[in-house]
Amino acid sequence: MRFGVLGPLQVLRDGSPVAVGGPRQRDLLTILLFRANVLLSSDWLADALWDGAPPASAQVTLRTYVAGLRRALEPERAGGEWRLLRARSGGYELCVPADAVDLARFEALADAGSRALADGAAQTAERAFLDALSLWRGDQVAAGDLAALRAETARLVEGRHTVEEGWHAAAIAAGRHAAVLPALRRFVTEHPEREAARGRLMLALYRSGQQTAALAAFDEGRRHLAEHYGVEPSQELRDLHRQILEQAVPGPPVVVAAAPISQAKLVGRAAELAALADLLSTALDGAGRIAAIVGEPGIGKTSLASAVADRAAASGVPVVWGRCPDLGQAPPFWLWSQVVRALAALPQAGESGAAAALVGFAAGPAAAGDHDPAARFHTYEAVSSLVRAVARPAGLVIVLDDLHAADLDSLLLLRFLAANLADSRILVVATLRPYGHLPDVVTALTDLARLAGARQLEPAGLDADAVADLMRRTGVAPDAGAVARLRARTGGNPFFLTELLAAPDDAAPPSVRDMARTRLDALEPNERECLDLLCVAGRELDLELLAAAADKNVTEVAGLLAEPATAHLVADAGPGVVRMRHPLFAEVGYAELAPSRRALLHARLADAAEGGAALAPAELAHHYGQARGLGRGDDHLRWTLTAAQDATRRLAYEDALAHLGRAADLLARDGSAEAELGVQLHRTALLQITVGVGSDAVDRACVRARELLTLVGPDADVRAALWTLGELAANRAEFGIADDLATRLSRADGDPLLDAAGHYLLGAVRYFTGRLEAAEAALSRSIARLRLVPERTLAAQVGRTPPLSPLNFRALVRSLRGDAAGARADLAAAWDLAERTDDPYARGNVALFTGWRAMQERDAVAGKAAADWCREIGDRQDIAHFTTTGQFLAEWVAVAAGDLDRRDAMSAAADAIYAHGLRSTRTVTTAAMADACLTAGDRATAAVLADTALAAADVVGEQVMRAELLRIRGLARDDATDLDAGAALAEAQDANLLVGRFT
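Read on for an overview of the structure. (Residues numbered from 1 in each chain as written. Predicted model: local features only at pLDDT ≥ 70, side-chain atom pairs only at ≥ 80, totals over all residues. Heavy atoms only, no water.)

Describing the pairing of strand β8 (residues 319-323)
Okay, step 1: Judged by how many residues are buried, β8 sits mostly within the fold: 4 of 5 residues are covered.
Okay, step 2: Relative to strand β9 (residues 396-401), β8 runs parallel, the two sharing 5 bridges. Its bridge partner being in β9, valine 319 is matched across the sheet by valine 397. (Buried < 20%, exposed > 50% of the residue type's maximum accessible area, 1.4 Å probe, protein only. Helix = DSSP H or I, 4+ residues; strand = E, 2+ residues; numbered from the N terminus. Pairing = 2+ DSSP bridges.)

Notes on helix α5 (residues 122-134)
Okay, step 1: Taking 1.5 Å per residue as the helical rise, α5 with its 13 residues ought to reach 18 Å, and the 18 Å between its terminal C-alpha atoms agrees with that figure.
Okay, step 2: Restricting attention to buried positions, one finds in α5 the residues Ala122, Ala125, Glu126, Ala128, Phe129, Ala132 and Leu133. Taken around the axis of α5, the buried residues stretch over an arc of 165°, which confines them to a single face. Across from the buried face of α5, at angles greater than 90 degrees, the exposed residues are Gln123 and Ser134.
Okay, step 3: Tucked into the core, α5 has its buried residues touching α4 (102-118) and α6 (150-173). (Expected span 1.5 Å × (residues − 1). Arc of directions from axis to C-beta. Contact = heavy atoms within 4.5 Å.)

Remarks on the sheet that holds strand β5 (residues 85-88)
Okay, step 1: With respect to topology, 3 strands assemble into an open sheet ordered β4-β6-β5, the strand pairing being antiparallel. Single-partner strands in this sheet number two, and they are β4 (40-41) and β5.
Okay, step 2: Taken together, the 4 bridges between β5 and strand β6 (residues 91-94) define a ladder with antiparallel strand orientation. In the strand pairing of β6, arginine 88 is matched with glycine 91.

Overview of the packing of aromatic side chains
Okay, step 1: Evaluation of the coordinates by the stated rule reveals 12 aromatic pairs.
Okay, step 2: Relative to phenylalanine 768, the ring of phenylalanine 735 lies with its centre 5.5 Å away and its plane at 25°, an arrangement referred to as stacked. Within this pair, whereas phenylalanine 735 is found in helix α34 (residues 735-746), its partner phenylalanine 768 is found in helix α35 (residues 752-768), the two being separated by 33 residues in sequence.
Okay, step 3: Judged by its relative accessible area of 6%, phenylalanine 735 is buried.
Okay, step 4: Through successive ring pairs, a cluster of aromatic residues spans Phe735, Tyr760, Tyr767, Phe768, Phe809, Phe849 and Trp852.
Okay, step 5: Here arginine 223 stacks its cationic end above the ring of tryptophan 321, 3.6 Å away from the centre of that ring.
Okay, step 6: Here arginine 598 stacks its cationic end above the ring of tyrosine 590, 4.8 Å away from the centre of that ring. (Phe/Tyr/Trp six-rings, centres within 6.5 Å; stacked < 30°, edge-to-face > 60°. Lys NZ or Arg CZ within 6 Å of the ring centre and 35° of its normal.)

Some words on the packing of helix α38 (residues 806-816) against helix α40 (residues 840-857)
Okay, step 1: At a minimum axis distance of 10 Å, the contact between α38 and α40 shows a crossing angle of 10°. Classified by the angle between their axes, α38 and α40 sit roughly parallel to one another. Note on element contacts: α40 touches α38 through Asn845, Val846, Phe849, Trp852, Arg853, Gln856 and Glu857, opposite Asn808, Phe809, Leu812, Ser815 and Leu816.
Okay, step 2: Split into classes, the residues belonging to the contact of α38 with α40 amount to 6 nonpolar, 4 polar and 2 charged. (Axes fitted to C-alpha atoms, helices over the stretch in contact; angles between N-to-C directions. Parallel < 35°, antiparallel > 145°, perpendicular 65-115°, else oblique. Nonpolar A, V, L, I, M, F, W, Y, C, P; charged D, E, K, R; others polar.)

Quick notes on the pairing of β9
Okay, step 1: Summarising burial for β9: 6 of the 6 residues are buried, a large majority.
Okay, step 2: Where burial is concerned, the two faces of β9 agree: the one with Leu396, Ile398 and Leu400 and the one with Val397, Val399 and Asp401 are both buried.
Okay, step 3: Pairing of β9 with strand β10 (residues 426-432) involves 5 bridges; the strand directions are parallel. By the bridge assignment for β10, valine 399 is matched with valine 429.

Topic: the pattern of salt bridges
Okay, step 1: Within the structure shown, the criterion is met by 58 salt bridges.
Okay, step 2: Two residues, arginine 967 and aspartate 931, come together in a salt bridge whose shortest N-O distance is 2.9 Å. You can see arginine 967 sitting in helix α46 (residues 962-973) and its partner aspartate 931 sitting in helix α44 (residues 922-935), a full 36 residues away along the chain. Across the pair, exposure class does not vary: arginine 967 and aspartate 931 are buried alike.
Okay, step 3: A cluster of three or more residues bridged by salt bridges with shared partners is formed by Glu776, Arg810, Arg814, Arg817, Asp826 and Asp990. (Salt bridge = Lys/Arg side-chain N within 4 Å of Asp/Glu carboxyl O.)

Structure (structure tokens):
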């Protein structure tokens, strides 16, 4: 077999693909392949599969995945000894030959190439490197977004880059510089910070007779390092630059790869690059063009200019750069001084480069003829002649970087040159920030826009696909959630993205903080106050709310936000709605606020929003919570409880639990016991849904609720506590406690809902303890009382109190008593009620009880349908109990149909149901498993399962399926005593469904 992780996961048997299961099972195989021939503990594998937060059922589910992989990888050994995926003490090991995994072959070839290159065997090294690269099937590795493999992913990506650089070095050393040049150009464009690669590019260009392009490659690298990292090129690169200038490059050296500064790549700019390529092509055909690339800092303007410049240079077109320092008023002609000096040094300049009118440029920036008006135009003409002379043989690209900072003289010269470009072979590319507040730049760009060959590009933030690509290029797995968060936080700004991805933690890097702080500090006080409120809000605000919080009128606030210094920091989010353009700026602005000022703004924003719909309850709770130090604690508690109710109504149970936890903490410190009891009961109901009845969180909430019951006054209404604690006791098979609490609750006067809950709990307890006639009577009473409760009231209870399922339980009772039609009618009625009250948990319960009924009646068709139904609801609503029950039903159906190979999976799935703390129903599921094994002919396993369930029934008192278990054990062991005892018990329990199985 062959395995591939250098690309999408690939498994081949004799050259044919092998299906290895669903996403999580594929992730498990990927982890094992990255750690092939190493024993991995089960605990470590569970942490790796679930990114450090494995569910309670993780070990059971892990065993299921292992079983699935074994069947896929070694189908011929089903039921025998597994050779590939072996179980060892406490874990698993994937045992495969080293060369069976492409990762191992890649590393071996890379090492061979490095050794050959070091030994001077350039051609051998080149072949090894190319063979290594050929193993990659795309840019991604199979690790995907697995956090446990993130370091390996980054190492592999860096390893691939190192191999690419090794190939380039080997090809150049072998004298194949011309052949490798296209790949080398592409690599340096994608990784402009890798100086060793740039050095090879310069060397390859020089040896290909392109000395000018080699020098331009150095200039581009120096600008990139200075602009993005504030450093100069390495001494090795400067030495190579000097040698090229002096035409003293030594014989073919092997250039050693340098450590990368970053691995960012120009991504997501296909449309802009296509437009620039078209402009370049048109210009080189003799119709000069101008491109203005306008965008905020970091959006990638200079990178786009560099891309088109590289394309031109690769075709032998000269490229010159001029850059305006954004440091205030630049000296006259500062921009063009750089351009003219670079042009004059080119051999194409000829005598035009020595014109007298250019002497000021050659000596440095100088004012152009203030006393002689004609001198200015002589200078303009001289520059125009120089530009045309250089462009005449092969064309010319002029890049004017940061044009928004140019001096007026440079802008006037640009306007003059632009008017004379139409019949030239010149492309002028200007990059600049938004310039609406700069009158001189507005005038210049307006003039340029009138020209036929001018075009303005405005690159926007990167889209989700581009952000994902950038993450991959920096060694970060791009899961959809991470992509969305990064894009929202940065607005898709490539500079912000790159800096965040390179940062060691989630905080805004210093480079981003400094940029944001500089722009915020330049605001006037009234402008800064509006932006401070936006930073505190952390989201968009409508102008009316912003004005109210700022104690200003809407017109005044709109005017402040339209000021030039402010306008580029905010963005429209809808009609009359504004937001900070970059969430990162909001983060920095918020962090800069003094704590007392921050608390005051939170309170002002919440006060302005209270009573309206502009902010959600959770937001108001947050803002008042941040202002507790100003005496707003009561407001914080009030809105925290409101937020919990709102989240519960929206089925956002995790959010509701977070709010309830905060409220409980507040009330425990300085609140009433009765109020906290209500909060703890609400928490218990939600925790049973989300994490299971036996979880530590449920235990803690119940312990606290029982403590509070002793602290509340004698007049307190504790019926809701009886309901919640009684439901919990029934689920945990504490039937005596549940019966006592249910009896007390069923005596509630005047409240049909609580009365219904009490009789429902009594019916459930009597079902589990085998008193079927009494169970049906209690459940029927509950159903009758429930019909008196308005459905609106029932809908309001969703997530606040335990599920009320008398129809579902009566279906089970009627099924066992032989009334199959009545059971189906009850389940149908339960579904209708769930639909009318829009209760998603109740819908899932109908699916679950349908599966129970199928197990009781040995109805495989209904069991299969219920399995699919439970899994679909559980996965959609993220409720593990439904998912695990659905998985168990599916395995039970398979075993009952004769597939005894699924016994282990069935047992593991049953364990998963009870991993969340449920203790009742264990005899129901075990009886179903035992009967399935007996039906399939495995009498030994059936007897063992029956023994286990009968012992458990004796411990907890769950008698509902005892007769069935005695029947199964009696048949499995030919024991007439068990059969007689089972028949008598079924008769005594009025379990007519089971009575018929003894005849």
